[in-house]
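Below are the chains, spelled out letter by letter.
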Amino acid sequence: MNEHDIWMNRIAPALDRRLSGLVEKPSTAQAVLRIAKGEDTPMKKKLSFTLVLAIMLALVLAGVALAAGLGVFGQFADNEQRKQRMEKLDTHARAYDAQVTIPSASPAMPLPAEDDYQRLVKAQYDRAFQFTLEQAYVDKTSLYFSYTLQHQDAEPVFGEGLPTGAFEWQDMPGARWADTYSIGDGQDDRKYAQWLDGHEGGSYIIHHNVGVGDGANLKDGTVLDIIDGDSRRMEDGSIQGYMECQLPENLPQGEELDIQVDLFYGSTVIYQDKQGVRTAYVTRPDNRGIEYFDFTVFRDGTTTSVRGRRRDIPSPDGKTFAEAFLSISQVDAKGHVRLHVPKSWTQVWNMLGDGDGPKTTDYIMDFVLYADGTAYPNRDGGVTVVDDTHLNIGLRFDLPRDAKKLILRPIYRHSGEKAEADIVLE
Amino acid sequence: MPVVTGPDNHKDVQFVRLVALYERQLLRMCYVYLHDTGLAEDAVQECFLKAYRSMDSFRGDSSEKTWLMRIAINTCKDMRRTAWFKLRTRSVRLEDLPDTALPVSPEDSLLTLEIMRLPQKLMEAVLLYYYQGMTVYEIAELLGISAPSVSTRLQKARRRLHNALKGEPTDE
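What counts as what
- Residues numbered from 1 in each chain as written.
- Chains lettered and ligands numbered in written order.
- Predicted model: local features only at pLDDT ≥ 70, side-chain atom pairs only at ≥ 80, totals over all residues.
- Helix = DSSP H or I, 4+ residues; strand = E, 2+ residues; numbered from the N terminus.
- Buried ≥ 20, exposed ≤ 12 C-beta atoms within 10 Å, placed from the backbone.
- Contact = placed C-beta atoms within 7 Å.
- pLDDT = per-residue confidence, 0-100.
- Arc of directions from axis to C-beta.
- Core = buried A, V, L, I, M, F, W, Y, C linked by C-beta atoms within 7 Å.
- Pairing = 2+ DSSP bridges.
- Axes fitted to C-alpha atoms, helices over the stretch in contact; angles between N-to-C directions.
- Expected span 1.5 Å × (residues − 1).
- Parallel < 35°, antiparallel > 145°, perpendicular 65-115°, else oblique.
- Left-handed = near helix turned anticlockwise from the far one by under 90°.
- Nonpolar A, V, L, I, M, F, W, Y, C, P; charged D, E, K, R; others polar.

1. Focus on the overall build of chain B
- Per the secondary structure count, chain B includes eight helices and zero strands.
- Taken from N to C terminus, the helices and strands of chain B fall in the order α-α-α-α-α-α-α-α.
- Within chain B, buried positions represent 46% of all 172 residues.
- Restricting the contact set of chain B to residue pairs at least 6 apart, pairs at least 24 apart contribute 64%.

Written out as structure tokens, the structure is:
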């Protein structure tokens, strides 16, 4: 049975068992028919309270002081997993400082502004954004870019009473915004809680949201999946972030890359009174709160490809064969090892959880890179079972670019590193 | 005795058949997509409403299932594009899952959670391929991408799921 069959036989049954409590309602067809024929209006369910609170809290981000002298990539060199990569990106990425402004717009037809909802919808057209492509680096396998997003309406609006109009409210009876106060997300949380709790007759906050969508697209519509990314809200209300996106393997050669990034925006309304909390989300009806930015970046990251083979990798059924591919850019080294292995190894990887396999199987579970004798841990390590006798292990290393001798050393499940199975990369 | 009235024309009959055939799968798929039972029920209602309204213009140039799944995925995407869901995705927990009607193993719960935690594009591919049983080409047509892109997303998803189930860090 190959990997495809294994996952096919695993995912659907697991989802159906775990979600067996979600079943159809006998009344659905008739309910929809009534709505379609104008005999009823759509019924919106309540959003679960914990879901809304988690979302609301996540919307209020703490600002981060900008470290002097660093580009946006460098601002994210704050944890071991990405520190070196971000620092190298800061050094080698091209600075673009390319700005795109989305000005405020006029609706196609005059919009009414007779209640709070209508005014908030109309206000979406008044919103303007400035997206700055700060830095970008493109090597053979990845597009990295950093950005700053500025928007005029960074500050929330505080009001009293229930906002009027056709808001699609999600109700949380008995809830209080301040009940989440103990999580301690920072100043904005405290301000929100103080405002909402300080008005027994009811009060609301309008929080204007904006963010950059995951990944990017090429101009021809090819999706560039996000591999990594992060963003932060700055003290001035702007948002800084970065993304790493996967380039397709068959991308034609060229000096430039045309990319498209998307922006989404809207406004969240939080209302609280003695009865509980209500929330609603408002976007521009014509574009659903989505804008697109187009950029051209240079494919000027340099990449060196190295590879290596080893035919006598120790394994329980005799020797096994390994072939390694590594692309080394100015940022990091990425690639994979393709292993021809005994079936007992693929069986282990096909089982859920490490260690569920036969305890005596001493299989290769990862690789460490030695560059001029210095060890670099694998920051990827993802394993793909290609078929019964082939595995791919993903590789990602921090790397000093000018290392003279590169060796991949396998790490076995029980016996650890084995120097006698080193793969020399050339 | 209450009078039970049935659908009064051919279109309605077909629609009732459509709902009977797909509602359960859609509800579960929308739950995985949106992480909330109430929203999933809303999405299913919205999906079937859109389907009913566009039944007359459906030309059969794709399979009925592809057509309906396209409506469902787009409905879920619309709901999920708000900032709420972009940020919510990272905090789904075991205790947030709905009650079950069948016995489940810890592995079922874990796998369900990890699928829900996948990036949206990978999750779509997993749900359409492994749960809805669609082919790579049907999924490519539905999502408006190439077949190799679908295969790549499935491969990435399998790798992420495998790593996550092993307890290894995954790429964010």
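2. Regarding the overall build of chain A
- Counting its regular elements, chain A contains eight helices and 23 strands.
- Sequence-distant contacts in chain A: of pairs separated by 6 or more residues, those separated by 24 or more amount to 67%.

3. What about the confidence of the model for chain A?
Residues and elements named next belong to chain A.
- When pLDDT is averaged along chain A, the result is 81, and 85% of the positions lie at 70 or above.
- Within chain A, the lowest mean pLDDT, 42, falls on helix 3 (residues 49–59), and the highest, 94, falls on strand 23 (residues 423–425).
- A low-confidence stretch, residues 45–68 (pLDDT under 50), is modelled with 57 contacts involving residues beyond four sequence positions or located in other chains.
- The model gives residues 181–186 a pLDDT under 50, and that stretch makes eight contacts with residues more than four places away or in other chains.

4. Some points on helix 5 (residues 106–116) of chain B
- If you check which residues of helix 5 of chain B are buried, you get Asp108, Leu111, Thr112 and Ile115 of chain B. The buried residues of helix 5 of chain B occupy an angular sector of 100 degrees when the element is viewed end-on, so they sit on one face.

5. Focus on unusual backbone geometry
- The phi torsion at aspartate 97 of chain A lies on the positive side, around 45 degrees, for a residue other than glycine.
- By the element assignment, aspartate 97 of chain A lies in strand 1 (residues 94–102).

6. A few points about the nonpolar core
- Counting residues in hydrophobic clusters, the biggest one holds 55 residues, and the most contacted among them are Cys30, Leu34, Ala43, Ala72, Ala125 and Val126 of chain B.
- Considering each element in turn, this core owes the most residues, 11 residues, to helix 1 (residues 10–34) of chain B.
- Sequence-distant contacts of leucine 34 of chain B, defined by excluding residues within four places in its chain, comprise Leu39, Ala40, Ala43, Cys76, Met79 and Arg80 of chain B.
- Counting 33 residues, the second-largest nonpolar core is a separate cluster that includes Phe76, Phe145, Leu149 and Val212 of chain A.

7. What about the pairing of strand 10 (residues 239–246) of chain A?
Residue and element names in this part refer to chain A.
- Most of strand 10 sits out of view: six of its eight residues are buried.
- Bridge count between strand 3 (residues 142–151) and strand 10: eight bridges; the pairing is antiparallel. Pairing of leucine 143 across the sheet is with cysteine 245, part of strand 10.
- Where strand 9 (residues 226–233) and strand 10 come together, seven bridges link them in antiparallel fashion. Across the sheet, arginine 232 pairs through a bridge with glutamine 240, a residue of strand 10.
- In sequence, strand 9 turns back onto strand 10 through a hairpin of five residues, with glycine 237 there showing a positive phi of about 90 degrees.

8. Let's talk about the sheet that holds strand 1 of chain A
Residues and elements named next belong to chain A.
- An order of 1-2-3-10-9 is seen for the five strands of this open sheet, with the pairing classed as antiparallel. In this open sheet, the two strands that pair with only one neighbour each are strand 1 and strand 9. On average, each strand axis in the sheet is inclined to that of its neighbour by 15 degrees, with strand direction left out of account.
- Where strand 1 and strand 2 (residues 129–138) come together, seven bridges link them in antiparallel fashion. Across the sheet, the residue bridging to alanine 98 is leucine 133, located in strand 2.

9. Re the environment of valine 100 of chain A
Residues and elements named next belong to chain A.
- Counting through the fold element by element, valine 100 comes out in strand 1.
- Taking C-alpha positions, valine 100 is 9.9 Å from tyrosine 292, a pair spaced 192 residues apart along the chain.
- In this structure, valine 100 is in contact with Phe131 and Phe293, ignoring residues within four places of it in sequence.

10. Focus on the confidence of the model for chain B
All names here are of chain B.
- For chain B, per-residue confidence averages 80 on the pLDDT scale, and residues scoring 70 or more make up 83% of the total.
- Highest mean pLDDT in chain B belongs to helix 6 (residues 120–131) (91); lowest belongs to helix 4 (residues 83–88) (47).
- Taken together, the stretch residues 1–7 has pLDDT below 50 and engages in four contacts with residues farther than four places along the chain or on a different chain.
- Contacts of residues 86–90 to residues separated by more than four positions or lying in other chains number 10 contacts, the stretch itself having pLDDT below 50.
- Among the scores for the predicted complex, ipTM is 0.88 and pTM is 0.56.

11. As for the environment of isoleucine 115 of chain B
- Relative to the helices and strands, isoleucine 115 of chain B resides in helix 5.
- Those residues in contact with isoleucine 115 of chain B that sit more than four places away from it in its chain are Val32, Met123, Val126 and Leu161 of chain B.

12. Points about helix 3 (residues 64–80) of chain B
All names here are of chain B.
- Under the 1.5 Å per step criterion, the end-to-end length of helix 3 is 24 Å for 17 residues, consistent within 8% with the ideal 24 Å.
- What helix 3 keeps buried is the set Leu68, Met69, Ile71, Ala72, Ile73, Thr75, Cys76 and Met79.
- Taken together, the buried residues of helix 3 touch helix 1, helix 2 (37–54), helix 6 and helix 7 (136–143).

13. Notes on the packing of helix 6 of chain B against helix 7 of chain B
Residues and elements named next belong to chain B.
- Orientation of helix 6 relative to helix 7, taken along the N-to-C sense of each, is 135 degrees, at an axis distance of 10 Å. With respect to each other, helix 6 and helix 7 are oriented oblique. Helix 6 and helix 7 meet at a crossing whose hand is right-handed. Across the interface between the two elements, Glu124, Ala125, Leu128 and Tyr129 of helix 6 pack against Ile139, Leu142 and Leu143 of helix 7.
- Residue composition of the contact of helix 6 with helix 7, grouped by class: six nonpolar, no polar and one charged.

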